[in-house]
Amino acid sequence: MRILLGVTGGIAAYKVALVLRHLTESGHDVRVVPTAASLKFVGRATWEALSGHPAPTETFEDVPSVQHVRLGQRADVVVVAPATADFLAQMAAGRATDLLGNALLATEAPVLVCPAMHTEMWRNAATQASVRTLRDRGVTVLEPAVGRLTGPDSGPGRLPEPEDIVAAIEALADEAHVPEASSGTWGDLDGRRVVVTAGGTHEPIDAVRYLGNRSTGMQGLAIAEAARERGAQVTLIAANVALPVGEGIARVNVETAAELQREVESAAGGADAVVMAAAVADFRPARAAATKLKKTGDAGLTLELVQNPDILAGLVASRAPGQVIVGFAAETGDENGSVLEHGAAKARRKGADLLAVNVVGQGRGFGTVDNHVTVLGADGGVVADASGSKLGVAHALLDTIAERLG
Ligand code: CTP
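Residues numbered from 1 in each chain as written. Predicted model: local features only at pLDDT ≥ 70, side-chain atom pairs only at ≥ 80, totals over all residues. Heavy atoms only, no water.

**Concerning the domain arrangement of the chain**
Note the cut-off: In this entry, domain limits derive from an automatic or database-based domain assignment. When checking whether two residues touch, look at their non-hydrogen atoms; a contact exists if any pair is within 4.5 Å. A quick way to say it: buried area is the sum, across both parts, of accessible area lost when two parts are put together, with a 1.4 Å probe. The term salt bridge refers to a pairing of a side-chain nitrogen on Lys or Arg with a carboxyl oxygen on Asp or Glu at a separation within 4 Å. Within 3.5 Å is the distance limit for a polar contact, defined as a pair of N or O atoms, with the added protein rule that one can donate a hydrogen and the other accept it, and that residues adjacent in sequence qualify only through two side-chain atoms. A run of H or I in DSSP counts as a helix once it spans at least four residues, and a run of E counts as a strand once it spans at least two, with each numbered from the N terminus.
Along its sequence, the chain is carved into domain 1 (2–175) and domain 2 (193–405). Between the C-alpha centres of domain 1 and domain 2 the distance comes to 41 Å. Taken together, the contact pairs seven residues of domain 1 with eight residues of domain 2. Around 690 Å² of area is buried between domain 1 and domain 2 when both sides are counted, 46% of it from carbon and sulfur atoms. Here domain 1 is connected to domain 2 by one salt bridge. As a salt-bridge pair, E229 and R74 come within 3.9 Å of each other at their nearest N and O atoms. Between the two partners, domain 1 and domain 2, sit zero residue pairs in polar contact (both at pLDDT 80 or more). Considering every element that reaches the side of domain 1 that touches domain 2, the biggest residue donor is helix α3 (residues 67–74), with three residues.

Structural data, given as structure tokens:
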């Protein structure tokens, strides 16, 4: 599982190093987000060495990867241990004071909070009110253990033993049905090269007109950004995409299918995965007039169209061993078959390793913020199903790609 471990500023932070150790030994991939105060108890180096990842504290570290949102979005489970009285109050108030506060607001994953403090602070009405608020919101708050505290005093307020915290995390994951397939890691595309095409091609009719389609490129951009965030080196081939792309992505702008074909074929050599999210025109005008076409009297205009090459088919035919080729199919369904039937036939016909079938039309798909995608294998069988934000769908698709890449 991808676990986000928040550490706040209490002396019990030292025990959490053992929690982290147990989790990584059980095969989980853990990202630690310590608060600034917690670093007075356990230094960043400990968290980074034990987790194998950077342990950022502030919202403004590594801004290009938008990690204040992504860490929360991608976590399978979020744990805060130890949680101080102050942090419980901050969380109950929904404050985004630092990176951990932001990540907690951005997550839809189950959250486990492990308070640790002196008995008086635990029993304080303010702390108990925070705990009630959090529980009402569905957060699992572990009861602190009873026993010796930091000074000579004892009572409820001790951080439970590391093994008990690990057991609570696993129980919560089970209860929340975190999928088995979530063996996913935070940087599962580290060192991989991923090429993504996005947008829609424009096929010129004359000097000012073209044949185009309604693709905005949003889904392709989301895939490029999600792949980068997972550690891949990403080349984005953008066909008429008006949107900016995050830093760290090599962007090549193209207009026509012919230009897109040239660029994607050159980038595909040495790529681990190629995702053809662009809407490529199947036809282009046989001739593009160099100047603007003029009306002649009342006569209509007949355009002669010729077929564009099937770029995806070309990539499949020349793919290197182990390379994963992914196609997209925007389908509406018709009297000859449902969206998925058309998708399965296309998956078998195209021979790509994966085909992401996207339902379009009636206000869905193009330009809309949310998306629904079913991922099919080369045999037309369903491999995954994802709906939600374009970024969420992008990550679900990348889960299947990362799995194929092993
Ligand atoms: N595609 C391509 N080259 C083309 C047309 C499409 O590489 N000339 C790619 C798209 O980028 C997408 C996939 O093929 O990944 C499917 O595109 P789609 O337009 O749905 O399929 P078509 O091959 O055009 O099939 P049909 O016209 O039968 O729906």
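**Description of the sheet that holds strand β3 (residues 77–83)**
Put simply, the test is: Should DSSP find at least two bridges between two strands, the strands are regarded as paired.
Spatially, the five strands line up as an open sheet ordered β2-β1-β3-β4-β5, and their pairing is parallel. Strand pairing shows two members of the sheet lacking a second neighbour, β2 (29–34) and β5 (140–141), which therefore form its edges. Judged from the six bridges that link them, strand β1 (residues 2–7) and β2 form a sheet pairing that is parallel. Bridging across to β2, L5 finds its partner in V32.

**Some thoughts on helix α10 (residues 257–268)**
The condition that has to hold: Here a helix's expected span is defined as the number of its residues, less one, multiplied by 1.5 Å. Between buried and exposed lies partly exposed: a residue is buried under 20% and exposed over 50% of the maximum accessible area for its type, with that area taken using a 1.4 Å probe on protein chains only. Throughout, the arc means the angular range of directions from the helix axis out to the C-beta atoms.
When the terminal C-alpha atoms of α10 are compared, their 16 Å separation across 12 residues agrees well with the 16 Å that a helix rising 1.5 Å per residue should span. All of the buried residues in α10 are A257, L260, Q261, V264, A267 and A268. One face of α10 carries all of its buried residues, which in axial projection span an arc of 145 degrees. In α10, the exposed positions that point more than 90 degrees away from the buried face belong to R262 and S266. If you follow the buried residues of α10, they end up packed against β8 (193–199), β9 (203–204), β11 (233–239), β12 (249–254), β13 (273–276) and α11 (311–317). Of the residues trailing α10, G270 is marked for its positive phi of about 85 degrees.

**Some remarks on helix α5 (residues 99–106)**
Counting buried positions along α5 gives six out of eight residues, so the element sits mostly inside the fold. All of the buried residues along α5 are L99, L100, G101, N102, A103 and L104. Buried residues along α5 sit in contact with β1, β2, α3, β3, α4 (85–92) and β4 (111–115).

**Notes on the sheet that holds β13**
Stated precisely, the cut-off is as follows: Simply put, an axis is a line fit to the C-alpha atoms, just over the touching stretch for a helix, and the angle between two N-to-C directions goes from 0 to 180 degrees.
Pairing in this open sheet of eight strands is mixed, and the strands run β12-β11-β8-β13-β16-β17-β18-β19 from one edge to the other. Taken across any chain shown, the strands that pair with only one partner, and hence form the sheet edges, are β12 and β19 (382–389). When the angles between neighbouring strand axes are averaged without regard to direction, this sheet yields 15 degrees. Two elements, strand β16 (residues 324–331) and strand β17 (residues 354–359), share six bridges in a ladder whose sense is parallel. When the bridges of β17 are listed, A329 appears paired with V357.

**Points about unusual backbone geometry**
Following A81, the chain continues into P82 via a peptide bond in cis, with omega recorded as -10 degrees. Assignment of secondary structure puts P82 in strand β3. Phi angles above zero are rare outside glycine, and N240 is one such case at about 55 degrees. If you trace the backbone, N240 turns up in the loop between β11 and β12.

**Structural notes on the packing of α3 against α5**
The following threshold applies: Convention used here: angles under 35 degrees read as roughly parallel, angles over 145 as roughly antiparallel, angles from 65 to 115 as roughly perpendicular, and any remaining angle as oblique. By definition, any crossing whose near helix is turned counterclockwise from its far helix by less than a right angle is left-handed, and any crossing with a clockwise turn is right-handed. In this count, Pro and Cys sit with the nonpolar residues alongside Ala, Val, Leu, Ile, Met, Phe, Trp and Tyr, while Asp, Glu, Lys and Arg are called charged and the others, Gly among them, polar.
One way to put it is that α3 packs onto α5 with a least axis distance of 7 Å and a crossing angle of 50 degrees. As summarised for this structure, α3 and α5 are arranged oblique, according to the angle between their axes. The two elements α3 and α5 cross, and the hand of that crossing is right-handed. Residues Q67, H68, V69, L71, G72 and Q73 of α3 form the contact with α5, whose own contacting residues are L99, N102, A103 and A106. Looking at the contact of α3 with α5, its residues break down into five nonpolar, five polar and no charged.

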